[in-house]
Amino acid sequence: MTALRILVADDHDVVRHGLRSLLESHHEWEVCGEASNGREAVELTNALQPEIVIADIAMPEMTGLEATREILKENPKTQVIILTMHESEELLREVLDAGARGYVLKTDKGRELISAIDAVRNHNTFFTSKVAEMVLHGYLETRSISSKPVASRTQSLTSREKEVLTLVADGKSNKEVAVELNISVKTAEAHHINIMRKLNAHSVVDLVKYAMRNNMLQ
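Let us look at the structure shown here.

Quick notes on the rules
- Residues numbered from 1 in each chain as written.
- Predicted model: local features only at pLDDT ≥ 70, side-chain atom pairs only at ≥ 80, totals over all residues.
- Heavy atoms only, no water.
- Salt bridge = Lys/Arg side-chain N within 4 Å of Asp/Glu carboxyl O.
- Helix = DSSP H or I, 4+ residues; strand = E, 2+ residues; numbered from the N terminus.
- Buried < 20%, exposed > 50% of the residue type's maximum accessible area, 1.4 Å probe, protein only.
- Pairing = 2+ DSSP bridges.
- Right-handed = clockwise from strand over helix to strand, strands pointing away.

A look at the pattern of salt bridges
(1) Moving on: In total, this model carries twelve salt bridges according to the counting rule given.
(2) Moving on: Here Arg-20 and Glu-34 are joined by a salt bridge, their closest N and O atoms 2.7 Å apart. A residue pair is termed long-range when its members are at least 10 positions apart, and Arg-20 in helix α1 (residues 13-23) and Glu-34 in strand β2 (residues 29-35) qualify at 14 residues.
(3) Moving on: Taken together, the salt bridges that share partners define one network made up of Asp-13, Arg-16, Arg-20, Glu-24 and Glu-34.

Quick look at the structure:
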């Protein structure tokens, strides 16, 4: 069985070595490279073609978010997990917009990162439990999507729009949604716009909140 190839990007040697030790305790996983800054992470990803990149946000030369955008631009099949000390809804929005599929805090236990890897390798998104709670709490506090009853808003979406919503909330781009549903990118974009309008949503984070609230994510 081919090993799962993982690239670790962090500007602290101790963190990188600790991650290598944790990840390689799984015999089917291989840390194929280590990067000490964002630019190196992009270059090594292009050269080594790992399935998963684990990247810190605060790195020199190029931030983890900037690196994520560059990595996915050149390597769309690579999955990126952001590993950070910071937990904020605004940062989560930026992480999702950059295209990363996982968000794990450095203060979490190792099993959270293991769970994140298992999730994203199967093309699912993963939020550490603290972040998921933060997102849900933010939803309950602000009611940012709509004051309409949940059932009413759900029924206002067509079956196709529900499919698109689930995929978008799962971290897929409009292009990936189009491929998944065998529709054109323009059609996927149109559905996305209609969903945002119907739910009074203003960002992907709003859609994630809605999908979580309605148990639409796997």
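Some words on unusual backbone geometry
(1) Moving on: Despite not being glycine, Gln-49 shows a phi value in the positive range, around 55°.
(2) Moving on: By secondary structure assignment, the location of Gln-49 is in the loop between α2 (38-48) and β3 (52-56).

Here's the deal with the pairing of strand β5 (residues 102-105)
(1) Moving on: Of the two faces of β5, the one carrying Gly-102 and Val-104 and the one carrying Tyr-103 and Leu-105 are both buried.
(2) Moving on: Pairing geometry for strand β4 (residues 79-84) and β5, over four bridges, is parallel. When the sheet's bridge partners are listed, Ile-82 is paired in β5 with Tyr-103.
(3) Moving on: Where the polypeptide runs from β4 across helix α4 (residues 89-98) and back to β5, its parallel neighbour, the crossover connection is right-handed.
(4) Moving on: Two strands pair when backbone bridges link them, and β5 and strand β6 (residues 126-127) are joined in this way by two bridges, in the parallel orientation.

Observations concerning the pairing of β4
(1) Moving on: Among the six residues that make up β4, six are buried, leaving the element largely enclosed by the rest of the structure.
(2) Moving on: Because side chains alternate across β4, one face comprises the buried residues Gln-79, Ile-81 and Leu-83, and the other comprises Val-80, Ile-82 and Thr-84, equally buried.
(3) Moving on: In this view, the connection linking β3 to its parallel neighbour β4 by way of helix α3 (residues 64-74) has right-handed handedness.

Shape is all these values report; function is a separate question.
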